[in-house]
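Each chain is listed here by its residues.
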Amino acid sequence: MLDAIWLVPALPLVGFLVLVFLGKRIGEPLSGWLATAMVFGSFVVSVLMGLSLLDAPDHTFELSLFSWIPAGDFQVDIGFLLDPLSMTMILFVTGIASLIHLYSIGYMHGDDRFPTFFTYLNLFVFSMLMLILGNNLLVTFLGWEGVGACSYFLISFWFTKDANASAGKKAFVANRVGDWGFMIAMFATFLAFGSLNYTTVLPEAPGLAIGVATFIAVMLFVGAVGKSAQIPLFIWLPDAMAGPTPVSALIHAATMVTAGVYLMTRVNPLIAASYEWVTWLIAGIGALTLLVAATIGLAQTDIKKVLAYSTVSQLGYMFLAVGSGGYAAAVFHMVTHAFFKALLFLGAGSVIHGMHDEQDMRRMGALRKLMPITFGTYVIGWLAISGLPPFSGFWSKDEILTYALNKSPVLYAVGLLGALLTAVYMGRQVFLVFYGEPRWNDPIPEDAPATAHTDDADDAPVDEAAHAADAHDEHAEVHPHESSWLMTLPLIILAIGAALIGFINIPFGDLDFLTRWLEDVDDLHANEAHLPYSSATILLLIIVSTVVASLGLALAWLTWIKGVLPRSLWERRFFLKAWYYDELVTRFMGGPGRALFEAIAWFDRTVIDGVVNGVGAGAQLAGRGLRRVQNGYVRSYALLITIGAILVIAFMFTRLLVR
Amino acid sequence: MIAAVLHTVLASGDAAGHAASSFPILPVTILLPVLGVFAILAVPSERGDLARLVALIATSAAGVMTFVVLAQFATGDAGFQFVSEATWIAALDIKFIVGVDGISLFLFVLTGLLFPISVLAAKPDHDPKGYYAWLTLLMAGCLGVFVALDLFLFFMFFEITLIPLYMLIGKWGHGRRVYAATKFFIFTMGGSALMLVSIIALAYLAKAGDASTIANISFDLQKVVASDAVSQGAARWIFAGFAIAFMVKTPVFPFHTWLPDAHTEAPTAGSVDLAGILLKLGTYGFLRYGLYLFPEASITFAPVMVVLGTIGIVYGGIVAAMQRNLKRLVAYSSVAHMGFAVVGLFALTSEGLTGSVLQMVNHGITTGALFILLGFLYKRRHTYEIDQLKGMQKVAPVFAGVFTVVMLASIGLPGLNGFVGEFLVLVGTYLAYPAVAIVAGFGVIIAALYLLWAYQRTFHGEPDDATKAMPDLRGSEKLIMVPLIGLIVFLGIYPKPVIERIEPSIDRVIEHVEAEVPGWSSPTSERGSQLAPVEGHGHDGEGGEGATHAADTEDHSSEGESQETGE
């Protein structure tokens with residue numbers, strides 16, 4: 001039964017192949033339905049696999065399909081490893097991907113390249129599943145780069161607008177920086193183990209020299225930082241919002257960006273075999289990212305940018321968990337986040353759709369009555385991400401905070417502050433979009449410093465504007481409306497998930513199903529930090545978290561509904577401009593970085609090629625000079641012969657003398 | 001010379017004893033384009049179409065023969081197959097010996113594939129008869145150079161490739177074609193002169209008996225290899241002579257500046273065959289005539305070559321990023337890609353060498369495909385300048401899609417062919433020089449940068465008026481791309497059939513080097529030294545034939561056995 005695991009990635013691959021060749025002929029909406037059916041089929045097979053896996057020994061199953069790259073000692077197969085970790089991931093990936101496919105049929109309606117969109121989407125799901133299911137680092141890397149390529153295609157899907165094209169390229173290149181680290185890690189792994197297979201490498205990790213293990217773990221972390229948009233490589237993710245909103249939901253929130261967390265969880269024995277500072281590095285980067293991104297989220301005006309920075313921040317929580325030894329907590333948050341963030345993005349997409357491609361929250365407001373389903377589901381997502389019980393985000397975030405406290409009180413404090421800010425910026429978003437007065441036709445306020453609209457290419461809302469740039473001005477009067485069932489049905493299902501999925505892992509008694517399910521993965525259980533807290537302490541921590549989240553929501557209410565607190569308290573220009581980090585990087589790349597490249601190109605033209613042409617010119621010059629010798633006068637030839645003869649004789653004399 | 005070929009054809013090779021060599025398939029393959037040249041010369045000048053047809057038939061016929069060779073090639077046999085032999089200049093023991101092994105097989109087949117395609121892909125703007133004659137002659141030279149097993153014969157084919165390409169660039173090229181052609185010619189000639197001196201010196205020194213007469217002299221590669229008469233010092237000098245010729249041809253930094261000019265000015269077919277086939281003469285030469293003939297010197301010079309190759313990877317990529325002309329960009333990307341081939345070769349590991357040969361083949365396919373696509377572009381827009389192109393994806397989606405696949409292969413996306421070679425090269429290099437692999441890995445980032453940036457500027461964005469009138473790929477053009485795209489995908493997913501044919505010959509070379517240089521062994525994975533010994537896995541120093549392949553699963557070990565028994 002488990003042998004059929006190959007079907008899971010194969011179905012979306014078939015969908016991709018069919019759409020590549022016949023997509024145009026199949027057309028809208030059938031191509032969308034086909035793609036959705038393939039991914040849903042994959043979900044069904046995943047569920048069946050999950051049921052079979054329960055009976056498998058150690059809940060682990062490995063299958064090798066064929067030999068991919070066999071060269072000498074280097075033997076890598078296309079093979080799958082199904083264990084509780086990959087099982088959990090494929091379930092939520094295929095499940096959420098099915099819903100987002102369905103939603104996209106409605107969202108992409110009327111687009112010229114409707115079939116192409118689904119072609120890429122199916123390829124993405126295939127790559128993501130390869131990433132998760134690979135039984136060795138290289139197959140994971142195949143998926144890893146594959147999802148990166150799909151992300152590139154889909155971010156620049158509306159490529160006629162330069163900003164979208166730029167964003168796609170930026171994402172790919174930033175990801176490649178991380179991929180470089182991943183590759184180096186694989187080389188070092190092969191050198192040390194002679195294999196890249198998880199089942200060969202990971203059990204032997206404890207015997208590895210600590211320096212080598214550290215190097216491999218850090219290099220893999222570099223890869224994870226790139227893919228999961230952590231500091232310092234997070235800059236590509238906000239720009240990635242240029243893609244259609246379902247793409248943001250699927251790739252840049254629910255699935256692809258969590259790949260880094262998956263990777264770190266998968267190789268936990270390597271992290272355990274490393275110096276301890278590696279865990280501090282991971283937790284530190286996570287904590288820093290979650291805090292910085294949360295502050296940026298406070299001031300964004302674009303509805304999707306808020307969610308993008310929120311995603312960066314939530315991924316920070318997951319790395320905080322990994323670094324604190326809470327692998328199961330990281331996976332738990334990955335799952336809950338996939339639900340509530342996909343829900344929020346799709347809800348935002350529904351709003352954007354209803355507002356005729358408006359993305360600026362300053363031109364929204366009072367939408368709750370006009371878009372009741374969107375509003376209702378959005379509120380669930382909002383409460384879940386803000387960490388209010390009993391919604392899903394609460395349980396997973398709280399678990400992470402518990403591990404962080406165990407690691408260090410500082411990390412706990414940062415996590416708690418982040419939780420407060422999360423509640424504030426999400427509260428701000430909900431209040432700006434769904435409450436207050438309608439501002440649908442207001443001009444964008446130009447001068448208010450905290451909310452000033454920027455003209456920078458990088459910062460401007462690059463998104464769907466191109467999609468309907470012309471429609472924008474013609475429809476001076478905006479009439480918001482609720483979206484079709486294709487879009488609201490996925491919202492409802494996701495909302496149910498976002499509300500309830502937290503119950504798979506309650507930290508009391510035997511209710512921590514997910515943690516126990518994941519115990520069979522590698523040495524996950526052995527390498528987890530063991531919490532010294534009693535149930536009473538945990539209950540206390542839960543109360544603290546709840547108070548903090550409620551406080552955040554209250555602060556947002558006081559600021560954006562009651563107006564008691566000034567908005568400028570939160571909406572700072574420094575935050576709006578994302579701490580000027582992106583600008584700094586862009587300036588560096590455009591300035592000194594580019595100058596260096598130019599200098600090297602100049603060196604090639606002038607010095608290297610200059611020498612070549614110089615030699616050529618020199619030879620010509622010498623030829624011109626020597627030509628004079630050939631003057632046709634016998635007397636000058638005789639002279640030259642004499643000189644030559646004298647030189648030869650002189651040479652022979654020197655030889656004799658030396659001897 | 002031709003008499004010697006005919007002789008082998010008629011006398012049908014008595015050498016080697018391989019079953020398949022009863023029919024002299026290699027000489028026939030080389031002879032077909034030569035006959036084609038004569039046939040083209042017989043065509044009246046004004047019948048360009050007929051010249052094209054004859055060229056197509058001749059190159060295709062030779063191409064089919066190369067695939068016959070591929071089909072009959074005995075996988076797992078490390079030695080030379082299909083060997084044909086005939087005496088050419090008896091006094092000097094110069095022979096017409098040709099044979100193919102895993103190292104040359106796919107370069108030979110690639111030649112057979114790319115030449116018919118390059119005949120189809122573009123037409124000359126004037127004087128078609130001469131154009132097709134030179135192009136067809138070039139094929140004969142390329143086929144010969146990969147299978148020659150006699151030093152003198154190799155040199156002769158090496159030189160034969162030079163003149164047709166010089167003529168193609170100089171006569172049918174773009175703007176500064178004469179400058180480019182001359183530069184190409186002088187560069188390569190300079191290298192060849194040193195190589196000729198080296199070959200003659202080697203033949204003298206390697207022969208048995210008195211070195212001051214020509215008695216016993218031989219240019220037979222196998223005899224020269226078997227000789228141990230050459231002193232270490234002399235071997236290093238002779239190696240250096242070969243090395244410079246190959247460095248120019250590859251090209252290795254800093255001998256690369258002829259390449260961008262040659263590519264930019266060459267007609268499409270010239271660029272395709274130059275990038276696809278001729279550059280490999282350099283790296284192939286290093287493998288066959290550098291490493292095989294001079295193991296000790298190769299090991300001595302390896303660090304230098306690895307560093308130069310790495311510079312080529314990073315430097316070539318950076319300079320490529322700054323180019324304003326698409327052909328120059330691809331030319332510099334070739335410097336970077338061939339840098340991988342050089343690094344992998346001189347890492348002197350099984351993975352690195354196998355990766356290097358794969359990289360040669362893959363680069364030939366992807367860069368050949370890129371130049372063909374640029375040829376299609378030129379036909380439509382009459383420019384390669386990035387500034388003058390914008391928004392082509394909207395107008396020509398199929399063209400853009402095909403370009404994207406080839407581009408991603410060139411960037412080294414896993415699942416497409418470019419990745420496999422590059423990755424093996426880097427894995428193999430890491431075993432020997434970890435720091436080099438880490439730096440060379442930056443090439444992977446830079447490759448994404450320059451290609452995606454160029455793609456963005458030319459294909460993305462709103463099309464301008466000039467672009468709007470541009471037609472998408474025609475049916476015939478799509479057909480030309482089908483085999484190339486097919487190979488790009490196939491070799492990315494299932495490179496095993498290629499690797500398992502290359503690798504035995506690579507291992508044979510490594511064993512040869514290990515036997516020749518006492519105390520040196522090819523770097524391998526540390527497994528077993530760092531950890532408690534686990535099973536009998538890994539390369540076990542000397543010997544290492546069976547155990548080399550004994551891998552961790554039954555699947556693999558059974559393969560290892562079947563390789564030994566020659567299937």
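Residues numbered from 1 in each chain as written. Chains lettered and ligands numbered in written order. Predicted model: local features only at pLDDT ≥ 70, side-chain atom pairs only at ≥ 80, totals over all residues. Heavy atoms only, no water.

**Digging into the overall build of chain B**
Move 1: The secondary structure content of chain B amounts to 25 helices and two strands.
Move 2: If you take every contact in chain B between residues at least 6 apart in sequence, the share linking residues at least 24 apart comes to 79%. (Helix = DSSP H or I, 4+ residues; strand = E, 2+ residues; numbered from the N terminus. Contact = heavy atoms within 4.5 Å.)

**Structural notes on the overall build of chain A**
Move 1: Within chain A, the regular secondary structure consists of 26 helices and two strands.
Move 2: In terms of principal-axis extent, the alpha carbons of chain A reach across some 110 × 65 × 55 Å.
Move 3: For chain A, the proportion of contacts with a sequence separation of at least 24, taken over those separated by at least 6, is 81%.
Move 4: Accessible surface, chain A as shown: approximately 23,500 Å² in total, 70% of it carbon and sulfur.
Move 5: Of note, chain A has its 35 positive side-chain charges centred 14 Å away from the centre of its 50 negative side-chain charges. (Areas by Shrake-Rupley, 256 points an atom, 1.4 Å probe, with all protein chains shown as cover. Lys, Arg positive; Asp, Glu negative; His and termini not counted. Charge placed at Lys NZ, Arg CZ, Asp CG, Glu CD.)

**Points about the confidence of the model for chain A**
Move 1: Looking at chain A as a whole, its pLDDT mean stands at 88, while 95% of the residues score no less than 70.
Move 2: Confidence over residues 447–475 of chain A falls short of pLDDT 50; this stretch has 65 contacts with residues more than four positions distant or in other chains. (pLDDT = per-residue confidence, 0-100.)

**Focus on the nonpolar core**
Move 1: In this structure, Ile5(A), Phe74(A), Leu82(A), Leu138(A) and Phe242(B) are the most contacted members of the largest nonpolar core, which totals 442 residues.
Move 2: Looking at which element gives the most residues to this core, the answer is helix H15 (residues 327–354) of chain A, with 19 residues.
Move 3: When residues of this core are assigned to domains, at least three map to each of domain 1 (321–577) and domain 2 (594–658) of chain A. (Core = buried A, V, L, I, M, F, W, Y, C linked by side-chain atoms within 4.5 Å. Buried < 20%, exposed > 50% of the residue type's maximum accessible area, 1.4 Å probe, protein only. Domains from an automatic or database assignment.)

**A closer look at helix H13 (residues 277–299) of chain A**
In an α-helix, one full turn covers 3.6 residues, which means residues spaced three or four apart are oriented alike.
Move 1: The terminal C-alpha atoms of H13(A) lie 34 Å apart, and with 23 residues this matches the ideal 33 Å at 1.5 Å per residue to within 8%.
Move 2: For H13(A), a buried count of 17 out of 23 residues is recorded, marking the element as mostly surrounded by other parts of the structure. (Expected span 1.5 Å × (residues − 1).)

**Here we look at the confidence of the model for chain B**
Low pLDDT marks regions whose predicted coordinates should not be analysed in detail.
Residues and elements named next belong to chain B.
Move 1: Per-residue pLDDT for chain B averages 86, and the proportion of residues at 70 or more is 88%.
Move 2: Confidence, expressed as mean pLDDT per element, reaches its minimum in chain B at helix H24 (residues 546–549) with 37 and its maximum at helix H17 (residues 397–411) with 95.
Move 3: Within the model, pLDDT remains below 50 along residues 12–21, and this stretch shows 17 contacts once partners closer than five positions in the same chain are excluded.
Move 4: A low-confidence stretch, residues 528–567 (pLDDT under 50), is modelled with 52 contacts involving residues beyond four sequence positions or located in other chains.
Move 5: Confidence estimates for the predicted assembly give a pTM of 0.90 and an ipTM of 0.89.

**Thoughts on the interface of chain B and chain A**
Move 1: In this complex, chain B contributes 73 residues to the contact, which on the side of chain A involves 59 residues.
Move 2: Roughly 6,100 Å² of surface becomes buried between chain B and chain A when both sides are summed, with 68% attributable to carbon and sulfur atoms.
Move 3: Our count for the contact surface shared by chain B and chain A stands at two salt bridges.
Move 4: With its nearest N and O atoms 2.5 Å apart, the salt bridge here joins Lys183(B) to Asp609(A).
Move 5: Scanning the region where chain B abuts chain A turns up 20 residue pairs in polar contact (both at pLDDT 80 or more). (Buried area = accessible area lost by both parts, 1.4 Å probe. Salt bridge = Lys/Arg side-chain N within 4 Å of Asp/Glu carboxyl O. Polar contact = N/O pair within 3.5 Å; in protein donor to acceptor, adjacent residues only side chain to side chain.)

**Some words on the side chain of Thr289(A)**
Residue and element names in this part refer to chain A.
Move 1: Mapped onto the fold, Thr289 is located in helix H13.
Move 2: Accessibility expressed as a relative area gives 1% for Thr289, which makes it buried.
Move 3: A distance of 3.2 Å separates the side chain of Thr289 from the backbone nitrogen of Ile231, its partner in a polar contact.
Move 4: If sequence neighbours within four positions are ignored, Thr289 has contacts with Ala229, Gln230, Ile231, Val312, Ser313 and Gly316.

**Side note on the environment of Phe157(A)**
All names here are of chain A.
Move 1: Mapped onto the elements, Phe157 comes out in the loop between helix H5 (137–155) and helix H6 (162–193).
Move 2: Relative accessible area serves as the criterion here: at 1%, Phe157 is assigned to the buried category.
Move 3: Phe157 sits 64 residues away from Phe221 along the chain, and the two C-alpha atoms are 29 Å apart.
Move 4: If near-sequence neighbours (up to four positions away) are discounted, Phe157 is found in contact with Met108, Asp111, Arg113, Thr116, Phe117, Tyr120 and Pro244.

**Some thoughts on the packing of helix H12 (residues 268–291) of chain B against helix H13 (residues 295–321) of chain B**
All names here are of chain B.
Move 1: Between H12 and H13, whose axes approach to 9 Å, the crossing angle comes to 140 degrees. When the axis of H12 is compared with that of H13, the two are oblique. Of the residues in H13, those touching H12 at Phe286, Gly290 and Leu291 are Pro295, Ser298 and Met305.
Move 2: Grouping the constituent residues of the contact of H12 with H13 by class yields four nonpolar, two polar and no charged. (Axes fitted to C-alpha atoms, helices over the stretch in contact; angles between N-to-C directions. Parallel < 35°, antiparallel > 145°, perpendicular 65-115°, else oblique. Nonpolar A, V, L, I, M, F, W, Y, C, P; charged D, E, K, R; others polar.)

**Description of unusual backbone geometry**
Residue and element names in this part refer to chain A.
Move 1: Geometrically, the link from Glu28 to Pro29 is a cis peptide bond, its omega value of -5 degrees lying close to zero.
Move 2: In this structure, Pro29 sits in the loop between helix H1 (7–26) and helix H2 (30–53).
Move 3: The omega angle of the peptide bond from Ile231 to Pro232 is 5 degrees, so this bond is cis rather than trans.
Move 4: Structurally, Pro232 can be placed in the loop between helix H8 (210–227) and helix H9 (236–239).
Move 5: Not every positive phi belongs to a glycine, and Trp579 is a case in point at roughly 60 degrees.
Move 6: Structurally, Trp579 can be placed in the loop between helix H24 (573–576) and helix H25 (581–627).
Move 7: By relative accessible area, Trp579 is classed as partly exposed at 35%.

**Examining H8(A)**
Residue and element names in this part refer to chain A.
Move 1: The end-to-end C-alpha distance of H8 is 26 Å, a good match for the 26 Å that 18 residues give at a rise of 1.5 Å each.
Move 2: Of all 18 residues in H8, 13 are buried; the element is thus mostly enclosed.
Move 3: Of the residues flanking the end of H8, it is Ala229, one or two places downstream, whose phi is positive at about 55 degrees.

**So, the pairing of strand S2 (residues 94–100) of chain B**
Residue and element names in this part refer to chain B.
Move 1: Counting buried residues along S2, seven of its seven residues qualify, which places the element largely inside the surrounding structure.
Move 2: Across the two faces of S2 the burial is the same, with Ile94, Phe96, Val98 and Val100 and Lys95, Ile97 and Gly99 all buried.
Move 3: As paired elements, strand S1 (residues 81–89) and S2 share six bridges and run antiparallel to each other. Bridge assignment links Ser84 to a residue of S2, and that residue is Val98.
Move 4: Connecting S1 to the next strand, S2, in antiparallel fashion are four residues, including Asp93 with a positive phi near 50 degrees. (Pairing = 2+ DSSP bridges.)

**Some points on the pattern of salt bridges**
Move 1: Across all of its chains, the model carries 29 salt bridges over all chains by this definition.
Move 2: Among the ionic pairs, Glu598(A) bridges to Arg594(A), the shortest N-O distance being 3.5 Å. Of this pair, Glu598(A) and Arg594(A) both sit in helix H25, four residues apart, roughly one helical turn.
Move 3: Taking the relative accessible area as the measure of exposure, Arg594(A) reaches 35% and is therefore partly exposed.
Move 4: Salt bridges sharing partners connect three or more residues here, namely Glu85(B), Asp93(B), Lys95(B), Asp220(B) and Lys223(B).

**Quick notes on the packing of aromatic side chains**
Move 1: Within this structure, the stated rule accounts for 60 aromatic pairs over all chains.
Move 2: With a centroid separation of 6.3 Å and 25 degrees between ring planes, the pair formed by Trp68(A) and Phe419(B) is classed as stacked. Of the two residues, Trp68(A) sits in strand S1 (residues 61–71) while Phe419(B) sits in helix H18 (residues 417–432), which places them in two different chains.
Move 3: A relative accessible area of 1% places Trp68(A) in the buried class.
Move 4: Overall, Phe419(B) belongs to the buried group, its relative accessible area being 2%.
Move 5: Chaining the aromatic ring pairs together yields one cluster made of Trp68(A), Phe74(A), Phe141(A), Trp144(A), Phe182(A), Phe187(A), Phe190(A), Phe419(B), Phe423(B) and Tyr430(B).
Move 6: Between Arg113(A) and the ring centre of Phe157(A), over which it is positioned, the NZ or CZ distance is 4.5 Å.
Move 7: Over the aromatic face of Trp453(B) sits the side chain of Arg457(B), whose NZ or CZ is 3.7 Å from the ring centroid. (Phe/Tyr/Trp six-rings, centres within 6.5 Å; stacked < 30°, edge-to-face > 60°. Lys NZ or Arg CZ within 6 Å of the ring centre and 35° of its normal.)

**Quick look at the packing of H2(A) against helix H3 (residues 84–107) of chain A**
Residues and elements named next belong to chain A.
Move 1: The N-to-C vectors of H2 and H3 enclose an angle of 155 degrees; their axes lie 8 Å apart at closest approach. Classified by the angle between their axes, H2 and H3 sit roughly antiparallel to one another. The interaxial crossing formed by H2 with H3 has left-handed handedness.
Move 2: Residues belonging to the contact of H2 with H3 are distributed by class as follows: 15 nonpolar, nine polar and no charged. (Left-handed = near helix turned anticlockwise from the far one by under 90°.)

**Notes on a nonpolar patch on the surface**
Residue and element names in this part refer to chain A.
Move 1: A contiguous nonpolar patch, built from Met1, Phe40, Val44, Val47, Leu48, Leu51, Leu54 and Leu91 and spanning about 690 Å² of accessible area, is present on the exposed surface.
Move 2: Ranked by residues supplied to the nonpolar patch, first place goes to H2 with five residues.
Move 3: The topology assignment puts Leu54 in the loop between H2 and S1. (Patch = residues over 30% accessible without salt bridge, like charges linked within 9 Å, V, L, I, M, F, W, Y side chains within 5 Å.)

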